[in-house]
Amino acid sequence: MIINHPILGPRDSQEFTYLGDATLIDRPDWEADDAAGQFHDYLYLRDNPAGEHRELWFHEQGDRSWLVVTRNTVTHEILNVELARDVARARGRSK
Amino acid sequence: MTDTVMNAGMNAGTVAFQADGSTGARKGVQVNRLDGGLIKGSKALNFTFDGKRYKGFEGDTLASALLANGVRLMGRSFKYHRPRGPLTSGSEEPNALVELRSGGRQEPNTRATVAELYDGLEANSQNRWPSLQHDFMAINDRFSNFLTAGFYYKTFMWPAAFWEKLYEPIIRKAAGLGSISFEDDPDAYDKGFLHCDLLVIGAGPTGLMAALTAGRAGAQVIIADEDFLLGGRLNAETFGIGDLTGAAWVEQAQAELASMPNVRVMPRTSIIGAYDHGIYGAVERTADHVLAPEAGKPRQILWRIYSKRAMLAAGATERPIAFENNDRPGVMLAGAVRAYANRWAVTPDQTVAVFTNNDDGHRTAADLIAKGVKVTAVIDTRAEAPKVEGAELFAGAQVIDTKGRLGLEVARLRLANGATRDVPCGALAVSGGWNPNVHLTCHQRGRPAWREDIAAFVPAGDLPQNMSVAGAANGDFSTAAALRAGAEGAVAALSELGIEAKADALPEAEDAPINVTPFWYVKEGKGRAWLDQQNDVTVKDVKLAHQENFRSVEHLKRYTTLGMATDQGKTSNMGGLAIMAELAGKQIPEVGTTMFRPPYTPVSFGVMAGRSVGEEFRPTRKTPSHKWAEEQGAEFVEVGQWLRAQWFPKKGETHWRQSVDREVLQTRNSVGICDVTTLGKIDVQGKDAAAFLNKMYANAFAKLPVGKVRYGLMLREDGIAYDDGTAARFAEDHFVVTTTTANAVLVYRNMEFARQCLFPDMDVQLISTTEAWAQFAVAGPNARKLLQKVVDPEFDISNEAFPFMACGEVTVAGGCRARLFRISFSGELAYEIAVPTRYGDAMIRKLMEAGEEFDAVPYGTEALGVMRIEKGHAAGNELNGTTSALNLGMGRMVSKKKDCIGNTLSEREGMNQENALKLVGFKPVNAAEPVQAGAHLMNADGEVSAATDQGYITSAAYSPVLGCSIGIGFLKSGDSRKGEVIRAVNPLEGKEVQVEVVSAHFVDPEGERLRG
């Protein structure tokens, strides 16, 4: 596969390490009342869609950016590639 | 007419062998050699088959040269060991598989039909004993009623115990075709990467026209063909293009392509797979056509081709008609017989008959007659067959059986009027129509569609991204249609890339329809009509599969093994499907096809491995002191990719334990030095560096003063202990952290994940500096004295100025920058000193020289391990992915006052039970007995079972300090059981040792030494 890196342009997927579902960005608040339950769901529950999937890829053999790649798991078509940092900020993460 | 990639042609210098005075000489040597052809007749090439010497010509394949010499029998079938000859003249060949070359270069299951002849070629038949002519295993053929489809499934079901001991060894012995020599392959294989605007797959008329069109427009073009000669079917047919012969037009096209710097022509290159996003796999056979590769040159190259657009112009494969005993050597595809005659100037025999259901088969008769070969009959299944000149035509007739020992002698016909007729022939050219080579279109999700007018599947549905299909591969069989499709396809593909190309005036070419009437198999006979000749699947087997309800194509394939041989059923799948459709009362498209998967043709393991063999299998990382350690005669051990010194044997030491014990004692008594560069090092900088480390580690870092080091324990998000190391604070906003050797890459990856995905606004930067610093542990009571000689005098490293857990930047050896850490893994007074990697070799020599007066000893990973067990430090065996901070005795380190990776879930009830496993030490009651790592712990009395399991020993070593074997491990409520005597059991080896539960800190439990 070829991943169109937002900074570096098209790169072979061999340069990347795959992590998984991009919902791993949404790490729960440790001080929430049901933090244990939220962390359990965060860590263990994943959707496994046949179709569009937002997932995390690490450009380990490149610039070490974490990317959020929107990929169709059936056709392997890549619909969007974003810097994970931008996605994280957009989802309200900060420090 | 068709541009199949199988029988193509190339080589600018190839000129048709002219029918001049030398033809007589040719024929004199080789009984079945004809006039003309595209072989070079000037020089004979010598080769052997089964030890017998033959001669052929440049441009021959092994199959064409053997046929020229009158050899039709080339192999034995897989199951019944039936005698077989070539069915085809290309890569789809099921029968003529041979062992090529010998020794380390021996290659089994090579198709003789594509093995390019060279002087000195050595080939042997396979799957026969004692010889091809007299094969003992042919007895299997007598038991064919017994060995039908599903034989293995039915026979070897019961009793289960027989499988491993009896059935499997017998089957394994009988299975397989060719053999390998078990010698190392002496040749090199390479891998490479190519990029292009347009990849053209196949260099027949379609592909050549496409490459010319795209090349003239200035696009970056790669055109690849598996054959050594470009041209595809143009080399196998007699019709021309424009005013030129097919071969001359190919030569002209090739010359033009060669003149374009933007076009890369790749003969002998198979495109083996279509992968995601326009990536194609290709195997180029750069030296399979010579005796041995030139020195330093690879035998084959595996290319990864990145294409913006690709055009599949892979042509079509002819399919046979099944009839009784249709597998005798001499029964061949009509297009192949024609190719042997026109391209290779060979006829399989001097008398040939033709059996066809379409007009194309008639071309074979016409071409052979023109070459002076006697055609004894043209048998056409159609009642309305075209007229034939020079041979007897039997319209509406069928071949119902054949005769001949080790080769065809007679074909028996059922005539239209019901009479039988025996026709003498040494070869029978069979045509059942042509199947477009759709394989690569199916490598992702494409499912071909049925086209009634040509009675074949054509590409359809979801083709691989940016692939188009043209010419015979798309079902357009005439040469004129192929040229048009190639040119127009290239224009269309390039216009999508914004490159303007023109489909220039196309040359004139034949445009005849194929006129096929589907006819799959002759119904008359016992059913020993062969579909898949390599796997010995007959019409009868398909009927049996249907009868036993294995009716879906996928079941049919697996039950009968149809299409599962090395040729992947290129000539047989269609027949099987059609018969199944007929039996099930369905249309062929309703039955569907099985999936085609890469590789298109078999690929050698050598080219897949490339240069990654032996020592080069993966990169080797050497420590900065490696050269010095080699000079000391060190034994090395692989730690991941690293090579580390394991111990340093001294003269007279005959056992590794002697070396290790000496290294431990000398370190504990004076001073030892160890290269610890392999530990991961990460530089953490930024205003929020401390806050970031607070998130990464279970324990707190915010209040760590500058100039101090702290041990850090890292958890996984599920609360399990992950990694440990130290974090040294060099400035308010600058830490240097270490990781274990094994987790260096992973910890860095996780930290980057946290930095970018979880805490994106933290002001913190990370850089891996593992390879930037050479780091040495200097441990033992004389460590400070030694270092005072190396560290420049302006730096005070006395105990007062530089106490335990201090760190700082210093200079050594008169100004070389260095980092000094007062940390200890051994439990001794110890330091780690780091210098830029390029000074690592000088540093180890300097340290050893300075240590001479203290009798300093270098120590390796074994002594390192012994000392850390003596001190009770956890390492990889203890941080094993199942243990928590609580288990490790570090529960209190997990801060409840802050958020960090893993702390929430580490509080789960199940991980905090009363009787949790705790890290403790173990000493044998009888000092002579060894403690074994991996042993399970049981109470002093009672049964030994999983239910009574009390824990396990993770690490063990002989302690030269204590004079006995010791271990550390996890014991239920271990911290409150010290003094108890329990059992360490190893049921696998029937061992049981009484051990006493003790503190894991065997040496200096109060930590006085490291603070001294």
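Up top is the structure.
Note that the structure is predicted; figures quoted are calculated from it, not measured. (Residues numbered from 1 in each chain as written. Chains lettered and ligands numbered in written order. Predicted model: local features only at pLDDT ≥ 70, side-chain atom pairs only at ≥ 80, totals over all residues. Heavy atoms only, no water.)

**A look at the overall build of chain B**
Note the threshold: Put simply, DSSP marks the helices as runs of H or I at least four residues long and the strands as runs of E at least two long, and each gets a number from the N terminus on. The rule is simple: take the accessible area with a 1.4 Å probe, protein chains only, and divide by the maximum for that residue type; under 20% is buried, over 50% is exposed, in between is partly exposed. Between two residues, a contact is recorded if the distance between any of their heavy atoms is within 4.5 Å. With residues, only the protein chains shown are counted as cover, and all accessible areas are computed by Shrake-Rupley using a 1.4 Å probe. When charges are counted, Lys and Arg are positive and Asp and Glu negative, with His and the chain ends excluded. Where a charge lies is defined by one atom per residue type: Lys uses NZ, Arg uses CZ, Asp uses CG and Glu uses CD.
Within chain B, the regular secondary structure consists of 23 helices and 50 strands. Structurally, chain B occupies a C-alpha span of about 110 × 70 × 55 Å along its principal axes. Expressed as a percentage of the 1012 residues in chain B, the buried residues total 60%. Here the contacts in chain B between residues at least 6 apart in sequence split such that 67% fall between residues at least 24 apart. When the accessible surface of chain B is summed, it comes to about 40,100 Å², and 52% of that surface belongs to carbon and sulfur atoms. Distance between charge centroids for chain B: 2 Å, based on 109 positive and 121 negative side chains.

**With respect to the environment of G563 of chain B**
Tracing the chain through its elements places G563 of chain B in the loop between α11 (553-560) and α12 (573-584). Every residue in contact with G563 of chain B, bar those within four places of it in the chain, is listed here: D532, Q568, G569, S572 and N573 of chain B.

**Let's talk about the sheet that holds strand β32 (residues 635-639) of chain B**
Residues and elements named next belong to chain B. Filter applied, for reference: By the convention used here, strands pair only if DSSP detects at least 2 bridges between them.
The three strands lie next to each other as β31-β33-β32, forming an open sheet whose pairing is mixed. Looking along the sheet, the strands with just one partner apiece sit at the ends: β31 (621-622) and β32. Examined bridge by bridge, β32 and strand β33 (residues 642-647) share five bridges and lie antiparallel to one another. Its bridge partner lying in β33, E635 is registered against W647.

**Section: the sheet that holds strand β6 (residues 78-83) of chain A**
As a reminder, the rule being used: Note on definitions: angles span 0 to 180 degrees between N-to-C directions of axes, and those axes are lines fitted to C-alpha atoms, for helices only across the stretch in contact.
Here we have four strands laid out as an open sheet, ordered β3-β4-β5-β6 (chain A), and antiparallel in their pairing. The open sheet has two edge strands, β3 (17-21) and β6 of chain A, and neither has a second partner. On average, each strand axis in the sheet is tilted by 30° relative to the strand beside it, whichever way the strands run. Alignment of strand β4 (residues 52-58) of chain A against strand β5 (residues 66-72) of chain A, held across seven bridges, turns out to be antiparallel. Opposite F58 of chain A, over in β5 of chain A, you have W66 of chain A as the bridge partner. Contacts between helix α18 (residues 744-758) of chain B and the sheet are confined to β3, β4 and β5 of chain A, with β5 of chain A contributing the most and set at about 85° to the helix.

**Focus: the packing of helix α16 (residues 656-669) of chain B against helix α21 (residues 861-871) of chain B**
All names here are of chain B. The following threshold applies: For classification purposes, an angle smaller than 35 degrees is called roughly parallel, one larger than 145 roughly antiparallel, one from 65 to 115 roughly perpendicular, and anything else oblique. By convention the crossing between two helices is left-handed if the near helix lies anticlockwise of the far one by an angle smaller than a right angle, and right-handed if it lies clockwise.
Orientation of α16 relative to α21, taken along the N-to-C sense of each, is 55°, at an axis distance of 9 Å. It follows that α16 is oblique to α21 by the angle criterion. Read as a crossing pair, α16 and α21 show a hand that is right-handed. Residues W656, V660, E663, V664, T667 and R668 of α16 form the contact with α21, whose participating residues are E862, A863, V866, M867 and E870.

**Re unusual backbone geometry**
All names here are of chain B. Cis geometry is found at the peptide bond from P598 to P599, where omega equals -5°. Located in the positive-phi region is N325, a residue other than glycine, with phi close to 55°. Here N325 is to be found in the loop between β16 (316-318) and β17 (331-333). A positive phi is found at D855, a non-glycine position, where the angle reads about 60°. Inspection of the secondary structure puts D855 in the loop between α20 (840-851) and β44 (857-858).

**Some details on the interface of chain B and chain A**
Here is the rule: Buried area adds together the accessible area that both of two parts lose upon being put together, with accessible area traced by a 1.4 Å probe. Any Lys or Arg side-chain nitrogen found within 4 Å of a carboxyl oxygen on Asp or Glu counts as a salt bridge. A 3.5 Å cut-off defines polar contacts: any pair of N or O atoms within that distance qualifies, except that in protein one atom must be a possible hydrogen donor and the other a possible acceptor, and neighbouring residues in sequence count only when both atoms are side-chain atoms.
Between chain B and chain A, the contact holds 35 residues from the first and 35 residues from the second. Roughly 3,200 Å² is buried in total at the junction of chain B and chain A, and carbon and sulfur atoms are behind 54% of that figure. For chain B, the biggest contributors to the area lost against chain A are H277, R749 and Q756 of chain B; these three give 19% of the whole. Among the salt bridges present, the one from D12 of chain A reaches R304 of chain B, with a minimum N-O distance of 2.8 Å. Summed over the shared surface of chain B and chain A, the number is 21 residue pairs in polar contact (both at pLDDT 80 or more). Elements that contribute at least two residues to the side of chain B that touches chain A include exactly β15 (300-312), α18, β39 (765-768) and α22 (903-906) of chain B. Broken down by element, the side of chain B that touches chain A gets its largest block of residues, nine residues, from α18 of chain B.

**Re helix α17 (residues 689-696) of chain B**
The element α17 of chain B is largely enclosed, with a buried count of seven among its eight residues. Those residues of α17 of chain B not exposed but buried are A689, A690, F692, L693, N694, K695 and M696 of chain B.

**Comments concerning α18 of chain B**
All names here are of chain B. Threshold: By this rule, a helix spans an expected 1.5 Å times one less than how many residues it contains.
Helix length check: α18 (15 residues) gives 20 Å between terminal C-alpha atoms against 21 Å at 1.5 Å per residue, within 8%. With 12 of 15 residues buried, α18 is to be regarded as a mostly interior element. Looking only at α18, the buried set comprises A744, V747, Y748, R749, M751, E752, F753, A754, R755, Q756, C757 and L758.

**Observations concerning the pairing of strand β18 (residues 351-356) of chain B**
Residue and element names in this part refer to chain B. For clarity, the cut-off: The definition of a right-handed crossover adopted here requires that, viewed with the strands pointing away, the path from the first strand over the helix to the second runs clockwise.
In terms of residue burial, β18 counts as a mostly covered element, since five of its six residues are buried. Strand direction decides the pairing type here: β18 and strand β19 (residues 374-380), joined by six bridges, are parallel. By the bridge assignment for β19, V354 is matched with V378. One crossover worth recording links β18 to the parallel β19 by way of helix α8 (residues 359-370), and it is right-handed.

**Observations concerning the packing of helix α19 (residues 783-790) of chain B against α20 of chain B**
All names here are of chain B. The geometry of α19 relative to α20 is characterised by a closest axis approach of 9 Å and an angle of 120° between their N-to-C directions. Put simply, α19 runs oblique to α20. Note on packing geometry: the crossing formed by α19 with α20 is right-handed. Contact residues: α19 offers L786, L787, K789 and V790, while α20 offers M843, K846, L847, A850 and G851.

**Considerations on the pattern of salt bridges**
According to the stated counting rule, one finds 68 salt bridges over all chains in the structure shown. A salt bridge links R27 of chain A to D899 of chain B; the shortest N-O distance between them is 3.0 Å. A residue pair is termed interchain when its members come from two chains, as with R27 of chain A in the loop between β3 and α1 (35-44) and D899 of chain B in the loop between α21 and α22. Where E653 of chain B meets R662 of chain B, a salt bridge forms, and the shortest distance between an N and an O atom there is 2.5 Å. When salt bridges that share partners are traced, they join R82, R84, D141, D327, R528 and D536 of chain B into one network.

**Brief notes about the side chain of T904 of chain B**
Among the secondary structure elements, T904 of chain B is positioned in helix α22. In this view, T904 of chain B contacts W30, A35, A36 and F39 of chain A; residues no more than four positions away in its chain are not counted.

**Quick notes on the nonpolar core**
Cut-off, in case you're wondering: Note on terminology: a nonpolar core comprises buried Ala, Val, Leu, Ile, Met, Phe, Trp, Tyr and Cys residues joined through side-chain atoms within 4.5 Å.
Counting 49 residues, the largest nonpolar core has F47, L62, L66, L121 and Y340 of chain B as its most contacted members. Setting aside residues no more than four positions away along its own chain, Y340 of chain B makes contact with A63, S64, L67, P86, T88, S89, T113, M332, A345 and V346 of chain B. By size, the runner-up hydrophobic cluster in this structure holds 41 residues, among which are L56 of chain A together with A690, L693 and Y697 of chain B.

**Description of the packing of aromatic side chains**
Both the distance between ring centres and the angle between the ring planes are used here to describe each pair of aromatic rings. Formally: Side-chain rings of Phe, Tyr and Trp (the six-membered ring for Trp) are treated as a pair once their centres are within 6.5 Å; stacked means planes under 30 degrees apart, edge-to-face means over 60, and tilted covers the remaining angles. We call a charge positioned over a ring when the NZ of a Lys or the CZ of an Arg lies within 6 Å of the ring centre and within 35 degrees of the ring normal.
Counting across every chain of the model gives 18 aromatic pairs over all chains. A centroid spacing of 5.3 Å and a plane angle of 75° characterise the contact between W66 of chain A and F753 of chain B, whose relative ring orientation is edge-to-face. Remark: F753 of chain B occurs in helix α18 and W66 of chain A occurs in strand β5; the pair is interchain, linking two chains. With respect to class, W66 of chain A is no different from F753 of chain B; both count as buried. Cluster of aromatic residues (ring-pair linked, three or more members): F16, Y18 and W57 of chain A. Taking the ring centre of Y958 of chain B as reference, the NZ or CZ of R657 of chain B above it sits at 3.8 Å. Lying across the ring of F730 of chain B, R819 of chain B places its NZ or CZ 5.2 Å from the centre.

**Some details on the environment of D60 of chain B**
All names here are of chain B. One can find D60 in the loop between β2 (52-58) and α2 (62-68). For D60, a relative accessible area of 0% corresponds to the buried category. Taking the C-alpha atoms as reference points, D60 and L38, separated by 22 residues in sequence, lie 8.8 Å from one another. If we skip the residues at most four places from it in the chain, D60 touches R33, I39, A65, A115, E116, L117, F228 and W344. Here the side chain of D60 touches F57 through a polar contact of 2.8 Å, landing on its backbone nitrogen.

**Examining the pairing of strand β50 (residues 991-998) of chain B**
Residue and element names in this part refer to chain B. Strand direction decides the pairing type here: strand β45 (residues 917-924) and β50, joined by four bridges, are antiparallel. The residue bridging F922 from the neighbouring strand is V997, located in β50. Two strands pair when backbone bridges link them, and strand β49 (residues 981-986) and β50 are joined in this way by six bridges, in the antiparallel orientation. Paired with V981 across the strands is E996, a residue of β50. Taking the residues that link successive antiparallel strands as the turn, the β49-β50 hairpin has four residues, and the phi of G990 there is positive, at about 65°.

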